[in-house]
Structure formats: C-alpha cells, structure tokens
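# Descriptive structure summary
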Amino acid sequence: MLATACSAATGTATPGRSGVIYVVAAENFWGSIASQLGGAHVQILSIVTNPNTDPHDYESSASAARAVAEAGYVIQNGAGYDDWMSKLLAANPSTGRRVFNIGAYLGKRPGDNPHLWYNPDYVTAAENHIEADLKALDPHDKAYFTARRKATDAAFAGIRAQLAQIRLTDAGKPVASTESIFVYLARYLGLKLITPPAFMNAVSEGNDPPAASVAEMTRQLSARQADVLVYNKQTATALTTSIRELAAGSHIPVVGVTETVQPQEASFQRWFAGELAALRQALGGGTP
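Residues numbered from 1 in each chain as written. Predicted model: local features only at pLDDT ≥ 70, side-chain atom pairs only at ≥ 80, totals over all residues. Heavy atoms only, no water.

## Some remarks on the environment of glycine 274
Counted only if it meets this: Helix numbers and strand numbers start at the N terminus; a helix is a DSSP run of H or I with at least 4 residues, a strand a run of E with at least 2.
Take glycine 274: it is sitting in helix 13 (residues 268-282). For glycine 274 and isoleucine 159, which are 115 residues apart along the polypeptide, the C-alpha to C-alpha distance reads 9.5 Å.

And the structure:
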C-alpha cells in the first residue's frame, strides 16, 4: 500500500525520479496518506516522524529547507500547528510549487484545535484535496490516481467499522483527556469528554493549566467520573504524568495516543486502528 513507505518514514527521499511528483509533508500522518494516494507516481518526504519530537515545537533544519525548496508539492497541517513550515515556504519561494494547507482549507485558524487528523471527516476532506492536487500536477495519470484513491478507501474499511462499532456501543460514556488531541475524535464517536477545556488547551499549547482546571481534573479522576483517560504520550509533562498516575490509581484505564504515526514505517491506517482498538478495549468493548 505504501509504495514509498521507506523514504517517507526514514526521511531519505530525494527528488529526481523522472515523471514522479516530489512531495514534502510536514508530518508523517499526512505523508502516509499522500503516499498511498500517489503510489509509484510520488516520492514522499515526511519531515516530522520522530516519536520523541513534539511537532508543535519542531525546529526546522537546513535539510528540511532544501527539501521544501525542491518540492513540487508541499502538505502542511496548518492551524498554527506547524508554523515552521510556513517560514520554510516563505524563505524558499517557488512559482511551480503547489501548497496544501489543510487547516486553512478547513477554515481553521491559529488558536483552533490543530489536531485535524483525529477527525475522520477532516481526513476524508484532505484525501479529496490531495487526490485533486495530484491529478492537477500530473493530468496524464488521472486514471492511476483514481485507482489509488479506491485502494486507499478500501484500506480505511477496517477503521470505518471500528468507528461505527464504538459509536454504537459506547456513545455517551464519560472520558477524560490530558489535552485537546482527543476532542475531535471524542465528538465524532459521541463520547462525553468531561475534562475542563482550559486544562486540555493549556497542556496542548505547552502552558500551565489554570489551577481551578487542575483541581477539577483531579477531582473527576479521584471520583472515577471518567471511564477512560486518553493520554498524549508524545507531549508528556510532570503534570500529565501525575494525572496519568492518578487515573491508574483510581482504576481508570489509560489509553496512550501519539501525534505522529508510530511505528514510523506503519501506514496511517495501521497506526490509527491500533489506537481505536485500545480505546474500545478500555471502554469495555473487547480486546484489541
């Protein structure tokens, strides 16, 4: 499925293959999807792939600047999540390069929840746009890209089934989250996210949450008001670690999620399916 998975995961792709679109994705979740949609007609470099890197705080490198300068197509998340990419694009202007800012396309602005890939509807919208962009960049191979889209949609069939099952069996259940990464998915699944927004938003932005929100979060978990705590493993802090430990001590299942596809060689579907399976198990819906 991932025709250029190795280059996307390891960051070793270089432009130059004749008849192939050189694509740079700011993060590997969008890089995985673009790789599947483009197949053998794209060459992908995903910049942020390291599980120990917080994409919010990524600092661009000279190699990333060169990749952007040479790219025919750049995909960035937007919504303030990867402003470093906007700086790279501005510093390396190109009249022939196509840029897809997913947040801007969805009407999101800096300050809005930027974790767009956790909303299945947003992922579909991004797929639609990437497919159209690839066809515009390589109009002679439209039929090929149409076939790749069908294959990619088929690869999402298992995830669609998981989402439908959780909505059916677990909608309305109370859940907590250490940050806003889970907001879109919780809403999509019909789960009741009880964590104070001020707590989640502050942690997401790397700030200290208001004391009142910390007290409320602590009270909720101590009283076992949540059936599950979703914990962002990639942006752990002393506070979120203590929250995770409090949940575990209160016998609340903890589900760890990440901001990048892990392991790096996995497809978006494999990674996301694993997280959904863990969530369903924690909600009492079976084993992953």
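## What to know about unusual backbone geometry
For the bond running from glutamine 262 to proline 263, omega is -5°, close enough to zero to count as cis. Relative to the helices and strands, proline 263 is located in the loop between strand 8 (254-257) and helix 13. Positive phi, normally seen in glycine, also occurs at alanine 79, with a value near 60°. Within the element layout of this structure, alanine 79 appears in the loop between strand 3 (73-76) and helix 4 (83-91).

## Some thoughts on the sheet that holds strand 3
As a reminder, the rule being used: When DSSP finds at least two bridges between two strands, those strands are taken to pair. For every element, the axis is a line fit to its C-alpha atoms; helices are fit only across the contacting stretch, and the angle between N-to-C directions ranges from 0 to 180 degrees. Two residues qualify as a contact provided that any one of their heavy atoms is within 4.5 Å of a heavy atom in the partner residue.
Pairing within the open sheet is parallel, and its four strands lie in the order 2-1-3-4. A strand with exactly one partner marks an edge of an open sheet, and here the two such strands are strand 2 (42-48) and strand 4 (98-101). For this sheet the average axis-to-axis angle between neighbouring strands, irrespective of direction, equals 15°. Of the pairings in the sheet, the one linking strand 1 (residues 21-27) to strand 3 comprises three bridges and is parallel in character. Bridge assignment links alanine 25 to a residue of strand 3, and that residue is isoleucine 75. Strands strand 1, strand 2, strand 3 and strand 4 of the sheet are contacted by helix 4, whose axis makes an angle of about 155° with strand 3. Those strands touched by helix 6 (residues 120-137) are strand 1, strand 2, strand 3 and strand 4, and its axis lies near 175° from that of strand 4.

## A look at the sheet that holds strand 8
Pairing within the open sheet is parallel, and its four strands lie in the order 6-5-7-8. Strand pairing shows two members of the sheet lacking a second neighbour, strand 6 (192-193) and strand 8, which therefore form its edges. Sheet topology places strand 7 (residues 228-232) next to strand 8; four bridges connect them, and they run parallel. What sits directly across from asparagine 232, in strand 8, is valine 257. Running over the sheet, helix 12 (residues 238-249) touches strand 7 and strand 8 and is turned about 155° from strand 7.

## Thoughts on the pairing of strand 5 (residues 174-177)
In this structure, strand 5 lies alongside strand 6, joined through two bridges in parallel fashion. Bridge pairing links proline 174 to lysine 192 in strand 6. Sheet topology note: the strand 5/strand 7 ladder contains three bridges and is parallel. Paired with valine 175 across the two strands is valine 228, which belongs to strand 7.

## A short note on the pattern of salt bridges
Inclusion rule: Salt bridge criterion: a side-chain nitrogen from Lys or Arg within 4 Å of a carboxyl oxygen from Asp or Glu. Only protein chains enter the accessibility calculation, which uses a 1.4 Å probe; a residue is then buried when its area is under 20% of its type maximum, exposed when over 50%, and partly exposed in between.
Summed over all chains, the structure comprises six salt bridges. The salt bridge partner of arginine 149 is glutamate 131, with a shortest N-O separation of 2.9 Å. Of this pair, arginine 149 sits in helix 7 (residues 142-155) while glutamate 131 sits in helix 6, and the two are 18 residues apart along the sequence. Among the residues examined, glutamate 131 registers a relative accessible area of 13% and is labelled buried. Close ionic contact of aspartate 170 with lysine 173 constitutes a salt bridge, the shortest N to O distance being 2.6 Å. Classification of aspartate 170 as buried rests on a relative accessible area of 2%. Through salt bridges with shared partners, a single ionic network connects Glu131, Lys135, Arg149 and Asp153.

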